[in-house]
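Coordinate analysis (summary)
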Amino acid sequence: MEEIWNGFVKAIQLIVTLDPVVMEITGRSLAIAAASCLLASLVCIPLGSLIHFNRFPGKRGLVNVIQTLYSVPTVVIGLLIFLLFSRAGPLGDMGLLFTPTVMVIGQAVLIAPILVGLTITALSGVDNAIPETASALGADGIQAAVLTMREARFGMLTAIVMGFGRAISEVGLALMVGGNIAGFTRVLTTAIALESSKGDIELSIALGIILIAVALIINIALNRLQQRK
Amino acid sequence: MALLETRNVGQTYDGKAVLQDISLSIGSGEVFALIGPTGAGKTTLLRLLDFLETPSTGAILFDGTDITRSNKLRLGARRRMSFVQQKPVSFSMNVFDNVACGLRWRRQKSSAVRSKVETALELVGMADYRNRDARTLSGGETQRVAIARALVTQPEVLFLDEPTANLDPVSAGKVEETLAHVIQEHRTTVVMATHDMTQGQRLAGRIGVLIGGALQQTGSPTEIFCAPQSKEVAEFVGVENILSGIIAAKDDTLATVEVNGRAIQAISDFATGDTVYVLIRPEDIIFTKARDSSSARNVFEGEIIRMNTVGPLVRIEVDCGFPLLGIVTKRAAEELGFVFGKKIFASFKATALHTIKRWG
């Protein structure tokens with residue numbers, strides 16, 4: 001018990017003194033998660049909108065599949081990305097395996113279903129009278145769609161924040177395609193896993209506290225967004 | 001030439017016909033009211049006329065061109081029109097931006113947008129609210145913003161769907177006043193749907209009665225209210241005395257209609273032997289204690305069988321051999337001593353009656 005307590009105290013010291021290793025790992029985690037979130041948002045919000053605004057056979061089934069993929073195991077996506085970018089894989093020539101870039105791509109793929117699905121949910125939550133009114137006031141199809149997306153902006157922000165939360169907290173994919181290389185691809189989650197197994201409990205706890213703080217901030221942001229809806 | 005014209009338009013939802021065979025023509029600058037009970041298809045017809053929906057059958061012409069099934073032409077037409085919905089929704093932005101939307105979608109310059117929005121907000125008395133979040137407004141304020149939003153684009157045709165249905169009497173009065181002002185000032189073509197027939201009468205030059213998805217009658221307010229052409233229209237426009245009879249005798253235009261063995265004198269175009277409905281508006285009946293010496297051709301003695309007080313008025317139903325419903329003020333009823341079971345006299349003029357053909 002004492003060991004844990006001492007670990008906790010030292011962890012606080014590491015955070016308060018802005019320990020360079022802790023800061024570096026935290027910064028990289030935030031940067032990779034933010035980049036993956038941005039990449040996924042750029043693709044998935046338009047894609048989700050496209051699915052919402054168009055009628056096509058199998059739409060309901062597609063939405064069901066997307067929602068099922070919310071909880072796809074990170075190691076499955078990790079394996080998929082690993083196979084794609086490994087030397088023998090179709091994208092192996094790019095030499096991206098075990099780089100932050102492939103971690104960004106992997107995390108973007110991982111959170112894509114959440115972003116697409118929650119974009120569709122956010123747009124579905126907009127009163128049908130909004131696009132109807134826009135059309136009645138002379139908006140063309142695209143103008144009415146843009147207005148609907150504007151009305152759903154808080155719901156879409158929620159999707160982005162939730163995607164960020166999943167990206168920053170996942171460990172399987174980061175470990176498999178990033179490789180947990182110190183100073184290069186080591187992020188909060190992979191560092192905690194490694195340092196714990198090495199017995200460096202203080203660093204693990206410090207990183208864990210930071211991860212929980214990030215989760216808390218995300219949760220507060222989500223609550224705020226829900227209220228503004 | 002008609003600005004808007006429908007030719008045998010029908011609309012079906014999930015196999016259920018909502019509108020059937022609507023042929024209607026609305027001229028430029030005309031104020032046309034569609035009246036009818038809830039669920040008659042008024043909103044659907046307005047949506048079709050605004051090209052928000054495509055009819056299942058028939059064609060809709062705008063400015064002489066059939067644009068029923070061309071998306072591009074429909075958008076062009078829609079941009080010359082505006083629609084105020086029954087339950088208007090505000091976009092989640094301030095009042096100014098809500099009103100400015102239509103102009104921005106038409107890519108108007110920001111200086112023009114500013115001045116037009118300000119003018120529209122002034123017109124509906126909402127200028128002080130320009131920076132308010134539009135979703136925090138009351139029902140009446142939202143309705144006024146919706147009207148400003150519709151008028152700001154200076155539409156050639158304005159559609160109003162039950163413009164005052166969800167408002168309290170004071171707000172409804174203000175909205176109606178604004179509409180009357182706009183109609184008079186701008187000579188905008190207006191098509192309004194309302195279940196409030198008196199509103200149709202106040203604002204419109206011509207009225208169409210839509211019942212059960214079919215356009216039963218169109219005409220001036222006087223024609224609709226005083227000379228309905230069917231029993232359904234008569235019932236809807238408040239003719240509460242609809243008596244089945246047969247024309248027993250005819251002298252020029254004056255007919256004697258036999259109703260339950262009683263003879264009622266009415267002006268009628270029908271011939272002896274025709275089966276008809278005699279329509280008598282409650283407000284055309286005069287109740288007196290004694291036989292009236294007025295010029296009314298029809299005077300019947302009867303017993304009061306029902307009395308209902310409605311605000312300052314009393315609705316009195318008298319059995320004269322046939323039931324007859326009339327209205328008197330509460331004060332008059334008290335002064336004349338009208339009570340349940342009392343024998344009184346009902347009189348009405350032959351010219352106040354209207355007869356329609358009764359089939360079967």
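Residues numbered from 1 in each chain as written. Chains lettered and ligands numbered in written order. Predicted model: local features only at pLDDT ≥ 70, side-chain atom pairs only at ≥ 80, totals over all residues.

Observations regarding unusual backbone geometry
The line we're drawing: Put simply, DSSP H or I for four residues or longer makes a helix, DSSP E for two residues or longer makes a strand, and each gets a number counted from the N terminus. Between the buried cut of 20 or more and the exposed cut of 12 or fewer other C-beta atoms within 10 Å of a residue's own C-beta lies the partly exposed class, and all C-beta atoms are placed from the backbone.
The phi torsion at asparagine 180 of chain A lies on the positive side, around 55 degrees, for a residue other than glycine. One can find asparagine 180 of chain A in the loop between helix H9 (172-178) and helix H10 (188-198). Note on asparagine 180 of chain A: 18 C-beta atoms within 10 Å, which makes it partly exposed. Positive phi, normally seen in glycine, also occurs at arginine 187 of chain B, with a value near 55 degrees. Within the secondary structure layout, arginine 187 of chain B lies in the loop between helix H6 (169-186) and strand E8 (189-194). Classification of arginine 187 of chain B as partly exposed rests on a count of 13 C-beta atoms within 10 Å.

Let's talk about the interface of chain B and chain A
The criterion, for reference: Two residues qualify as a contact pair if the distance between their C-beta atoms, derived from the backbone, is within 7 Å. The nonpolar class holds Ala, Val, Leu, Ile, Met, Phe, Trp, Tyr, Cys and Pro. Asp, Glu, Lys and Arg form the charged class, and all remaining residues, Gly among them, are polar.
Tallying the contact residues gives 17 residues for chain B and 14 residues for chain A. If you list the elements that add at least two residues to the side of chain B that touches chain A, you get helix H2 (71-78), strand E6 (81-84) and helix H3 (95-105) of chain B. Here the side of chain B that touches chain A is built from residues that sort into seven nonpolar, five polar and five charged.

Remarks on the nonpolar core
What counts is decided by this rule: Core membership is restricted to buried Ala, Val, Leu, Ile, Met, Phe, Trp, Tyr and Cys residues, and these are joined into a nonpolar core through C-beta atoms within 7 Å.
Counting residues in hydrophobic clusters, the biggest one holds 99 residues, and the most contacted among them are Val99, Ala148, Phe159, Val191, Met192 and Val278 of chain B. With seven residues, H3 of chain B is the single largest residue contributor to this core. The next biggest cluster of nonpolar side chains, apart from the first, holds 54 residues, and it includes Phe85, Ala122, Met162 and Val187 of chain A.

Things to note about the sheet that holds strand E11 (residues 241-251) of chain B
Residue and element names in this part refer to chain B. The test is simple: Strands pair, by our definition, only if DSSP identifies at least two bridges between them. An axis is simply a line fitted to the C-alpha atoms; with a helix, the fit covers only the stretch in contact. Between two such axes, the angle follows the N-to-C directions and lies from 0 to 180 degrees.
If you trace the five strands from one edge of the open sheet to the other, you get E13-E12-E11-E14-E20, paired in antiparallel fashion. Bordering the open sheet on either side are strand E13 (262-267) and strand E20 (354-357), each of which pairs with just one other strand. Between one strand and the next, the sheet's axes are offset by a mean angle of 45 degrees, whatever the strand orientation. Relative to E20, strand E14 (residues 275-280) runs antiparallel, the two sharing four bridges. Bridge pairing links valine 278 to threonine 355 in E20.

Looking at the sheet that holds strand E4 (residues 57-62) of chain B
Residue and element names in this part refer to chain B. Read from one edge to the other, the open sheet built from four strands follows the order E2-E1-E4-E5, with strand pairing classed as antiparallel. The sheet is open, and its two edges are formed by strand E2 (16-27) and strand E5 (65-66), each paired on a single side. Here eight bridges tie strand E1 (residues 2-13) to E2, and the two strands are oriented antiparallel to one another. Across the sheet, the residue bridging to threonine 12 is alanine 17, located in E2.

Points about the domain arrangement of chain B
Residues and elements named next belong to chain B. Condition: Where each domain begins and ends follows an automated or database-derived domain assignment.
Looking at the assigned domains, one finds that chain B contains domain 1 (2-234) and domain 2 (239-357). Relative placement of domain 1 and domain 2: their C-alpha centres are 39 Å apart. Counting residues at the interface gives seven residues for domain 1, matched by six residues for domain 2. Of the residues in the side of domain 1 that touches domain 2, the class split is four nonpolar, two polar and one charged.

Overview of helix H4 (residues 110-123) of chain B
Residue and element names in this part refer to chain B. Basically, it comes down to this: Here a helix's expected span is defined as the number of its residues, less one, multiplied by 1.5 Å. As used here, the arc is the angular range of directions from the helix axis to the C-beta atoms.
Taking 1.5 Å as the rise per residue, H4 with 14 residues should run 20 Å; its terminal C-alpha atoms sit 20 Å apart, in good agreement. All buried positions along H4 are accounted for by Val113, Lys116, Val117, Ala120 and Leu121. Angular distribution of buried residues about the axis of H4 spans 135 degrees; they occupy a single face of the element. Structural note: H4 exposes Ser111, Ala112, Ser115 and Glu122 on the side pointing more than 90 degrees away from its buried face. Tucked inside the fold, the buried residues of H4 contact H3 and helix H5 (139-151). Count one or two residues on from H4 and you reach glycine 125, which has phi positive near 70 degrees.

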